[in-house]
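Chain by chain, the residues run as shown.
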Amino acid sequence: MKVIVRHDKEEAEKVVADLIAGEVRTNPEIVMSLPTGSTPVGVFSELTRMHEEEGLDFSSVTCFNMDEYVGLGRDHAQSYYRFLRENLYERVGMSLENTFSPDACAANLGRAADDYSSLIKRAGGFDLTFLGIGRDGHISFNMPSDALHPLTHVERLSEAAVRDNARFFEDVSEVPTQAITIGMRNILESRRIVLLALGEAKAPVVARWLGSGLVTTWLPASFLWLHPDVTVVLDQGAASELR
Ligand code: PGA
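Residues numbered from 1 in each chain as written. Predicted model: local features only at pLDDT ≥ 70, side-chain atom pairs only at ≥ 80, totals over all residues. Heavy atoms only, no water.

A.B. asks: Explain the packing of aromatic side chains residue by residue, including any values.
C.D. replies: This structure, assessed with the given rule, holds nine aromatic pairs. Taken together, a centroid distance of 6.2 Å and an interplanar angle of 25 degrees make the contact between Y80 and F141 stacked. Of this pair, Y80 sits in helix α3 (residues 80–89) while F141 is found in the loop between β6 (128–131) and β7 (153–156), placing the two residues 61 residues apart along the sequence. Grouping residues by exposure puts Y80 and F141 together as buried. By the ring-pair criterion, three or more aromatic residues cluster together here, those being F64, F100, Y116 and F126. Lying across the ring of Y81, R74 places its NZ or CZ 3.7 Å from the centre. (Phe/Tyr/Trp six-rings, centres within 6.5 Å; stacked < 30°, edge-to-face > 60°. Helix = DSSP H or I, 4+ residues; strand = E, 2+ residues; numbered from the N terminus. Buried < 20%, exposed > 50% of the residue type's maximum accessible area, 1.4 Å probe, protein only. Lys NZ or Arg CZ within 6 Å of the ring centre and 35° of its normal.)

Given below as structure tokens:
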């Protein structure tokens, strides 16, 4: 695992944007799995700048949302698909036909999750997965638990995750309590993985994870120790509790 620490948020975001841009230039038909939330926003802005000013071409890129709130349609203000469409896909000229998200409004959510895993498989899996990390150590919406799911599935969000995401909603009661998320195997089969953590709020989980080389289902990010090509990018805040 390669760990890169940069002085501030913008420099850390630039490292991740450069890594993604390099992969897109090398393989214009790259298949990526992308996160939502606060962490990727600056990275997506930098990729947009690269598209506009340097001609970084996303026209043949395929992107999969890594998760979606159960019950929110693609056009809901807080849906993760809409987030990625507005923050990246439309800004970098992607063909929306090449963008995918789980059908989180399906009558049969289990089948929708299985269909999503099949779709990922048909696309050949992910060339690059870009992750954030939750303060409880979750990656995508694989929450700390006795057991983790290999493939795409319905997950009940932890109270901490619901609380952390309440800032995007008018009231905590509006935050969906379930999501469809890609599973650990979907992530670990990715050819390359980059994880970005920003700010002091992430420092305790980063220290708990990187301070121990052990793998535990109670810290899903720790499974990244099993992958041969992971780059972790931190700003000084997120790295502040590392020894
Ligand atoms: P955040 O979420 O980027 O909004 O901090 C991270 C996560 O839950 O993976």
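There is more to say after this.
A.B. asks: I'd like a rundown of the pattern of salt bridges, residues and numbers included.
C.D. replies: Tallied over the entire structure, the rule returns 15 salt bridges. Among the ionic pairs, E189 bridges to R185, the shortest N-O distance being 2.8 Å. Assessed through its relative accessible area of 52%, E189 is described here as exposed. Bridged by salt links that share partners, the residues K14, D18, R25, E46, R49, E53 and E54 form one connected network. (Salt bridge = Lys/Arg side-chain N within 4 Å of Asp/Glu carboxyl O.)

A.B. asks: How would you sum up the site of the ligand? Please name residues and give values.
C.D. replies: Around the ligand sit G37, S38, T39, G132, I133, G134, H138, R167 and K202, and those are all the residues in its vicinity. One nitrogen or oxygen atom from the main chain of S38 is found 3.0 Å from an oxygen atom belonging to the ligand. A distance of 2.4 Å separates an oxygen atom of the ligand from a polar atom in the side chain of T39. A total of 280 Å² of accessible area belongs to the ligand in isolation, and the protein chains cover 82% of it. (Near = heavy atom within 4 Å. Polar contact = N/O pair within 3.5 Å; in protein donor to acceptor, adjacent residues only side chain to side chain. Areas by Shrake-Rupley, 256 points an atom, 1.4 Å probe, with all protein chains shown as cover.)

By themselves, these observations are geometric and do not establish any function.
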